[in-house]
Amino acid sequence: RDQHWSGQQLAPARTSPQRWRPGWFAIAAAFVALLVVAGAIGVLSQLRNENFRNGSAPATGGAVSGSGGGADARAQASATRAPAADGADERSSALANSEAPGTVSGYNLDSRGARQDLASVGGKPIPPQDLSKIIRDGTITLVVPKDGFGEAFDQATGIAQSAGGFVLSSSISQENQGTLTIRIPSRKLDGAIVKLRALGRLAELTLTGKDVTASYIDLKARLGVLQTQRELILKLLKASTTVNGQLSLSAKFSDVQTQIEQIQGQLNVLNDKVDLATLKVTLREEGVAAPAESDDIRNPSLGSAWDRAVQGFLGVIAAVVVGLGYLLPVLALAGLVLGLRLLIKRRRATS
C-alpha cells in the first residue's frame, strides 16, 4: 500500500528536564565538611584562649608590668580613687598620722619614685616580706688535674659542709672520676659554685629555678580553712550529747585531720626544697673520658597510649562542639534566608 503523509513529520516527544537532587553521598560530604570546619574553628578558639591565659594577649589599660608592679598598682589606685566624704577623709588622715601598732605610719619611694607603704609596730617600720618560693637545682662538671681527684673530692665535700649543707649521696668510679649530690642552703648556692669552680676546669654548668609560690600559697590557704573546720568540729563535739552525733563528728574530725596532715606534709616538702638547693657535682681527672649515657631501651606503655588516645578523642570532640557553637547562629541565619527564598519562588509559581 501506498501511504500518504499529510506533509507533517512526527516530532520526537519532549522530555521534561530532571531536577538534580542531592544524593546520600553529597549529604554525607557536606556533613563531614561542616564537622571539619567546626573542628578547625574550635581548635583556633582554644589556642586563642590558651594564649590569653598565658598572658600573651595585649594588656588592658589597668595592667601594670615591671618588677615594682605591686607598688605602682597601689600608687595608681590611690591616685585614681574617687574623693570620699569629708568625714571619711578626716578619719583616714587621723589613722595615717596615728602611731598605733599595725597601722600605716609612712611610706618610702622606690627606685622609680613609686610610693611604698610600710607597716609599723610601735613606730618602727617593717619592710614587706618576700613570699616568693623558688626551688633551685643545678649540675656542675669539673675536670681536675692528673692524680688530683681524691683531693678535689675531699675539698668538694668540705665546701658543702662549710656552706651549711651536706652530701646526700656520692659515688666513685676507677678512683679517677665520681659524683656527689649535695644539698646547700639556696642563699649560699652561688658562693659554693664559685668555690667549686676553683677546683679544676669547668666543663659544664647548669642551674635551674622553679617558682612554686602559687602552689605554696594555695596549700597555705587550704590548710587555714581545714584548721578552722577542725576547731569548729571540736566545739561541736564537746557540745554534742548523743552517741550518733559524737560518732559522726568524730568521723568528720578524723577526715579533716588526715587532710591537714597531708597538706602539712606537702608544705614541709616544698619548704625543704626551697630552703636547700640540690647540686650534682661531677669530678673527673684530665684525660679521662666522660661516662657515656646509658642507652636503655624503653618500651612504650600501652596504658599511657590508651590514655592519650582517649584524651585526643575527647579533645577533637570538644573542639568540634566549640566550633558548632560558633557556626550554629550562622547556619540558622542561612537556613532562614534559604527558606524565605523558596517561599517567594513558590508564591510566584502559583500566581
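Look up a bit, the structure's there.
Below is a summary of the structure that appears in this document. (Residues numbered from 1 in each chain as written. Predicted model: local features only at pLDDT ≥ 70, side-chain atom pairs only at ≥ 80, totals over all residues. Heavy atoms only, no water.)

1. Observations concerning the pairing of strand β6 (residues 177–185)
The element β6 is largely enclosed, with a buried count of 8 among its 9 residues. In terms of strand pairing, strand β5 (residues 166–173) meets β6 through 7 bridges, oriented antiparallel. What sits directly across from I172, in β6, is G178. Between β5 and the antiparallel strand that follows it, β6, lie 3 residues; Q174 among them carries a positive phi value of about 60°. Relative to strand β8 (residues 276–285), β6 runs antiparallel, the two being bridged by 9 bridges. Each bridged residue has a counterpart across the sheet, and for P185 the counterpart in β8 is L276. (Buried < 20%, exposed > 50% of the residue type's maximum accessible area, 1.4 Å probe, protein only. Helix = DSSP H or I, 4+ residues; strand = E, 2+ residues; numbered from the N terminus. Pairing = 2+ DSSP bridges.)

2. Points about the sheet that holds β5
Here we have 5 strands laid out as an open sheet, ordered β5-β6-β8-β4-β7, and mixed in their pairing. Of all strands in the sheet, those bounded by a partner on one side alone are β5 and β7 (201–211). On average, each strand axis in the sheet is inclined to that of its neighbour by 10°, with strand direction left out of account. Two elements, strand β4 (residues 134–144) and β8, share 8 bridges in a ladder whose sense is parallel. Paired with D137 across the bridge in β8 is T278. Relative to β4, helix α5 (residues 189–197) is tilted by about 5°, and along the sheet it contacts β4, β6, β7 and β8. Sheet strands in contact with helix α7 (residues 243–275) are β4, β6 and β8, and its direction is about 50° off that of β8. (Axes fitted to C-alpha atoms, helices over the stretch in contact; angles between N-to-C directions. Contact = heavy atoms within 4.5 Å.)

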